[in-house]
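What the coordinates show
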Amino acid sequence: MKRNILLNPGPATTSDTVKMAMVVPDICPREEEFSRLVKSVCRDLLKVVNAPESEFAAVLFAGSGTAAMDAVINSTVAPGGKIAIIINGAYGERMLKIAAAYKIPYIEINFGAGGKIDIGRVETILSENRGALTAVAMVHHETTTGILNPAKEIGVISKKYNMAFILDSISSFAGVAIDAKEFNIDFMMSTSNKCIQGMAGVAFVICRKAALEAVKNYEKRSFYLDLYDQYAHFEQRGESRFTPPVQVIYALRRALDEYFIEGGPNRFKRYEKNWKTLRAGLLNLGFRLLHDEKDESKILLTVHEPPDPNYDFKKMHDYLYALGFTIYPGKMNLLKTFRLANMGDINSEDINNFISALSDYLKSNDIKL
Ligand SMILES: *Cc1c(COP(=O)(O)O)cnc(C)c1O
């Protein structure tokens, strides 16, 4: 199969074995055999973040990552309660839009796209709104810019003020070390097609069981994306509430096997090496990067566009795309940037090949940096 190097932040490049895992005999998802498969996937998703089965549960939804964000936001804010939403990019903004769509009262704590989260300011606002606020939501790796936000610190503060802690770990799960207990996670979301290196189509939420039981009788704001009902149905019957993306779950099973064969620490090291290679290669060509090295997720870089009039993102994209490399535009106020993710089944040799293709593009179009 042709191997494309996807430098967009998900869906990521997958191994051929993950692709092939989708080719299975047809099966009705209400069969016990399939139920066992789903249970094993849920168990192993917990293992990725050291979440003990006695305290945590994984809930799967058919959908993209946003389905998991929607389910968590609409299902976990107490009646009469409010949610604090910490924002420093488009994915934080998305949580706010979801809350607004359901008319859930929220407090916005916004540091601007690309801004750094000021932990002290967050604590002041949580403390001032004690009693009214029942939940705090933030993005771990803000994929709009490539910054890694201080999830553990905010988790500890949320606990201190007795608020449910919600973490969008969609682009950090299986890409950086996360310990669900240490981070005081109540609900964390991710998806099958980013750092876990499976196919697109499954969104999941890792829930602290006590927090999940607490939301059981909250007002239902969505029928399809109700977190507790989705959980309870599978718990009680061993069957998904609605049709699951069967083949994508087989691929996720295989992707989890490959994660454990590689080992979490080795995966994080491979991503880090990809990131270092990419960073050094770009700086060497003369590009400027958005963030300081110490703030970066090591999974994605935001790169300033060259000021040269010969530069054109679309032309650069098409040139690289023809060679099997997919790059990604910037977002929000960062439109004069482009983004490169180093997640997925790729290695530093792929990154070096990308850098030399990029160098060829710059030279052949006489673009100066
Ligand atoms: C990818 C991503 C999402 C979800 O995007 P979908 O297109 O719905 O899969 C949400 N949050 C973050 C941080 C992401 O990187």
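A few points on the structure. Quick caveat: nothing in here was measured; it's all calculated off a predicted structure.

Criteria and thresholds
Throughout this description, residue numbers start from 1 for each chain and increase along the sequence as written. Local features in this predicted model are restricted to residues of pLDDT 70 or higher, and side-chain atom pairs are both shown and tallied only at a pLDDT of 80 or more, whereas totals for entire chains, interfaces and linings draw on every residue. Values reported for side chains reflect all heavy atoms of the structure, with hydrogen atoms and water molecules removed beforehand. Here, a strand pair is defined by DSSP locating no fewer than two bridges between the strands. Put simply, DSSP marks the helices as runs of H or I at least four residues long and the strands as runs of E at least two long, and each gets a number from the N terminus on. Here, two residues are considered to be in contact whenever any of their heavy atoms come within 4.5 Å of each other. Orientation is described by axes fitted as lines to C-alpha atoms, over the contacting stretch for helices, and by angles from 0 to 180 degrees between their N-to-C directions. Only buried residues count toward a nonpolar core, which is a set of Ala, Val, Leu, Ile, Met, Phe, Trp, Tyr and Cys residues joined through side-chain atoms within 4.5 Å. Remark: exposure states derive from per-residue accessible area (1.4 Å probe, protein chains only) relative to the maximum for the residue type, with buried under 20%, exposed over 50%, and partly exposed in between. One side-chain nitrogen of Lys or Arg within 4 Å of one carboxyl oxygen of Asp or Glu is enough to make a salt bridge. As used here, the arc is the angular range of directions from the helix axis to the C-beta atoms. Definition of nearness: a residue and a molecule or strand are near each other if at least one heavy atom of the residue lies within 4 Å of the molecule or strand. As used in this structure description, the phrase polar contact means that two N or O atoms lie within 3.5 Å; if the pair is within protein, one of them must be able to donate a hydrogen and the other to accept it, and residues adjacent in sequence are counted only when both atoms belong to side chains. Per-residue and other accessible areas were derived by the Shrake-Rupley procedure at a 1.4 Å probe size, with only the shown protein chains allowed to occlude residues. Only Asp, Glu, Lys and Arg are considered charged, only Ala, Val, Leu, Ile, Met, Phe, Trp, Tyr, Cys and Pro nonpolar, and every remaining residue, Gly among them, polar. Two rings from Phe, Tyr or Trp (for Trp, the six-membered ring) form a pair when their centres are within 6.5 Å of each other. A pair whose planes differ by under 30 degrees is stacked, one over 60 is edge-to-face, and the rest are tilted.

Turning to the sheet that holds strand 13 (residues 328-329), a few remarks are in order. Taken in spatial order, the three strands line up as 11-14-13 in an open sheet, and their pairing is antiparallel. Edge positions in the sheet fall to strand 11 (300-304) and strand 13, since each of these pairs with one other strand and no more. In the sheet, strand 13 pairs with strand 14 (residues 337-341) via two bridges, with the strands oriented antiparallel. The residue bridging Pro329 from the neighbouring strand is Phe338, located in strand 14. Sheet strands in contact with helix 10 (residues 264-285) are strand 11 and strand 14, and its direction is about 10° off that of strand 11.

Here we come to the nonpolar core. By size, the foremost hydrophobic cluster in this structure holds 64 residues, and its most contacted members are Leu126, Phe173 and Ile206. Here the element with the most residues in this core is helix 9 (residues 246-262); it accounts for nine residues. If we ignore the near neighbours within four places in the chain, the residues touching Ile206 are Leu45, Leu46, Val49, Phe56, Ala57, Ala58, Phe173, Ile185, Asp186, Phe187 and Met188. Counting 40 residues, the second largest nonpolar core, distinct from the first, contains Met69, Ile87, Ile98 and Ala135.

Per the counting criterion, the structure on display carries 28 salt bridges. Among the salt bridges present, the one from Lys220 reaches Asp226, with a minimum N-O distance of 3.3 Å. We classify Asp226 as buried; its relative accessible area is 3%. The shortest N-O distance in the salt bridge between Lys298 and Glu272 comes to 3.5 Å. Of the two residues, Lys298 sits in the loop between helix 10 and strand 11 while Glu272 sits in helix 10, which places them 26 residues apart along the sequence. A residue is classified by how much of its surface remains accessible, and Lys298, at 30% relative accessible area, is partly exposed. Salt bridges sharing partners connect three or more residues here, namely Glu55, Lys159, Lys181, Asp186 and Arg208.

Among the residues of helix 11 (residues 313-322), Phe313, Met316 and Leu320 are the ones counted as buried. In a view along the axis of helix 11, the buried residues occupy a sector of 70°, so they form one face of it. Residues Lys314, Lys315 and Ala322 are exposed on helix 11 and point more than 90 degrees away from its buried face. Residues of helix 11 that are buried make contact with strand 12 (325-326), strand 13, strand 14 and helix 12 (348-364). One or two positions beyond helix 11, positive phi appears at Gly324, with a value near 95°.

To continue, consider unusual backbone geometry. For the peptide bond that leads from Gly10 to Pro11, omega is -10°, which places it in the cis range. Structurally, Pro11 can be placed in the loop between strand 1 (5-6) and helix 1 (16-20). Unlike most non-glycine residues, Asn50 shows phi in positive territory, near 55°. Inspection of the secondary structure assignment puts Asn50 in the loop between helix 2 (32-48) and strand 2 (56-62). In this model, Asp366 sits at a positive phi of 55°, which is unusual for a non-glycine residue. Examined against the element boundaries, Asp366 turns out to sit in the segment after helix 12. Overall, Asp366 belongs to the partly exposed group, its relative accessible area being 46%.

This brings us to the site of the ligand. Ser64, Thr66, Thr143, Asp168 and Lys194 are the nearest of the 13 residues found near the ligand. Taking Thr66, its side chain carries an N or O atom lying 2.5 Å from an oxygen atom of the ligand. Within the side chain of Thr143, one N or O atom sits 2.5 Å away from an oxygen atom of the ligand. Protein chains bury 87% of the 380 Å² of accessible surface belonging to the ligand in isolation. Considering every element that reaches the shell around the ligand, the biggest residue donor is helix 3 (residues 65-75), with three residues. When its residues are assigned to classes, the shell around the ligand shows four nonpolar, six polar and three charged.

So, about the packing of aromatic side chains. One pass over the full model with this rule turns up ten aromatic pairs. A ring pair is formed by Phe34 and Tyr250, whose centres lie 5.9 Å apart and whose planes are at 55°; its orientation type is tilted. Here the residue Phe34 occupies a position in helix 2, and Tyr250 occupies one in helix 9, the gap between them amounting to 216 residues. A relative accessible area of 1% places Phe34 in the buried class. Taken together, a centroid distance of 5.0 Å and an interplanar angle of 70° make the contact between Phe173 and Phe204 edge-to-face. Of this pair, Phe173 sits in the loop between strand 8 (164-168) and strand 9 (187-191) while Phe204 sits in strand 10 (residues 202-208), and the two are 31 residues apart along the sequence. On the basis of relative accessibility, which here comes to 1%, the residue Phe173 falls in the buried class.

Fair warning: the whole summary comes from geometry, so function is off the table for now.
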